[in-house]
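Results of the structural survey
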Amino acid sequence: MDTMNDFAALAVSIVGWVGAAASLGAYAMVTQRRIEPDSLLFQGLNIGGATALAVSASVNAAWPSAVANVVWVAIGVQGLLSVKRAVIARRARAAAARLARDLRHPVGLHRPVLVRRPAGAEGPVASRRPAAAPRSGRSRRPSRRTAAGTRETRTTDTGLRATGTPDLTEKLVRV
């Protein structure tokens, strides 16, 4: 029976030391600017360390330390929820920005690449050269027939090809 109590006391002591190391390590990394105070790693180390210290302190009847660490856990959980809300808000803003960009530039024509093909040829692309990046983010230059009898085709970053002549409306063909 005495061996079991010694083992339990040793285990609780190890849990307390691990908790202290986690809390101090988190503080040291934030102080050295190796991690950010609003990072998930910092909040996780703080919550884990404070939980381990609270368990160790309560088993040893060090109630002031146990209560302080329980409050520290509550503060860490609140910080973790704040980080989670910030991540969700950042993802929502990014999704809204992508949606707005896609509405402004439908079918991904915001990064065209010019491809020259012989007129009427359906074979592989003869050559590709990137077009100059337009200032507005969308090419306004229509497809046209060149003097050599080839047709310019714009291939977008979504894998769609816009072909046509100045007299015809551009049509999209999957590459």
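A quick note: this is a predicted structure, and the numbers were derived from the prediction, not measured.

Concerning the overall build of the protein
Helix and strand counts for the protein stand at 3 helices and 5 strands. The order of α-helices and β-strands along the protein, N terminus first, is α-α-α-β-β-β-β-β. Buried positions account for 27% of the 175 residues belonging to the protein. The long-range fraction of contacts in the protein, counting pairs at least 24 apart against all pairs at least 6 apart in sequence, stands at 46%. Carbon and sulfur atoms make up 64% of the accessible area of the protein, which amounts to about 12000 Å² in all.

Considerations on the pattern of salt bridges
Following the criterion strictly, the structure yields 1 salt bridge and no others. The closest approach of N and O atoms between Arg-101 and Asp-102, which form a salt bridge, is 3.6 Å. Overall, Arg-101 belongs to the partly exposed group, its relative accessible area being 34%. A relative accessible area of 38% places Asp-102 in the partly exposed class.

Considerations on the environment of Ser-23
By the element assignment, Ser-23 lies in helix α1 (residues 2-31). Taking the C-alpha atoms as reference, Ser-23 lies 5.2 Å from Asn-46; in sequence the two are 23 residues apart.

Side note on helix α3 (residues 63-104)
Between its first and last C-alpha, α3 extends 61 Å over 42 residues, near the 62 Å set by a 1.5 Å rise per residue. Within the span of α3, buried status applies to Ala-66, Asn-69, Val-73, Gly-76, Gly-79 and Val-83. As for α3, its buried residues are in contact with α2 (40-59).

Concerning the side chain of Ser-23
By relative accessible area, which is 16% here, Ser-23 ends up buried. With residues near it in sequence (within four places) discarded, Ser-23 still touches Leu-45, Asn-46, Gly-49, Ala-50 and Leu-53.

Here we look at a nonpolar patch on the surface
Nonpolar side chains collect at one region of the surface, where Val-67, Val-71, Trp-72 and Ile-75 lie side by side and expose about 380 Å² of accessible area between them. Within the secondary structure, Val-71 sits in helix α3.

Some points on unusual backbone geometry
Although it is not a glycine, Arg-33 adopts a positive phi angle of roughly 60 degrees. Relative to the elements of secondary structure, Arg-33 occurs in the loop between α1 and α2. One non-glycine residue, Ala-61, lies in positive phi territory at about 60 degrees. Considering the arrangement of structural elements, one finds Ala-61 in the loop between α2 and α3.

Some remarks on the packing of α1 against α2
Where α1 contacts α2, the axes come no closer than 7 Å and their chain directions differ by 150 degrees. When the interaxial angle is binned, α1 and α2 end up roughly antiparallel. Once α1 is placed against α2, the crossing between them reads as left-handed. Contacts from Val-12, Val-15, Gly-16, Gly-19, Ala-20, Ala-22, Ser-23, Ala-26, Tyr-27, Met-29 and Val-30 of α1 reach α2 at Phe-42, Leu-45, Asn-46, Gly-49, Ala-50, Ala-52, Leu-53, Ser-56 and Val-59. In terms of residue class, the contact of α1 with α2 is made up of 14 nonpolar, 6 polar and no charged.

Calculation rules
Residues numbered from 1 in each chain as written. Predicted model: local features only at pLDDT ≥ 70, side-chain atom pairs only at ≥ 80, totals over all residues. Heavy atoms only, no water. Helix = DSSP H or I, 4+ residues; strand = E, 2+ residues; numbered from the N terminus. Buried < 20%, exposed > 50% of the residue type's maximum accessible area, 1.4 Å probe, protein only. Contact = heavy atoms within 4.5 Å. Areas by Shrake-Rupley, 256 points an atom, 1.4 Å probe, with all protein chains shown as cover. Salt bridge = Lys/Arg side-chain N within 4 Å of Asp/Glu carboxyl O. Expected span 1.5 Å × (residues − 1). Patch = residues over 30% accessible without salt bridge, like charges linked within 9 Å, V, L, I, M, F, W, Y side chains within 5 Å. Axes fitted to C-alpha atoms, helices over the stretch in contact; angles between N-to-C directions. Parallel < 35°, antiparallel > 145°, perpendicular 65-115°, else oblique. Left-handed = near helix turned anticlockwise from the far one by under 90°. Nonpolar A, V, L, I, M, F, W, Y, C, P; charged D, E, K, R; others polar.

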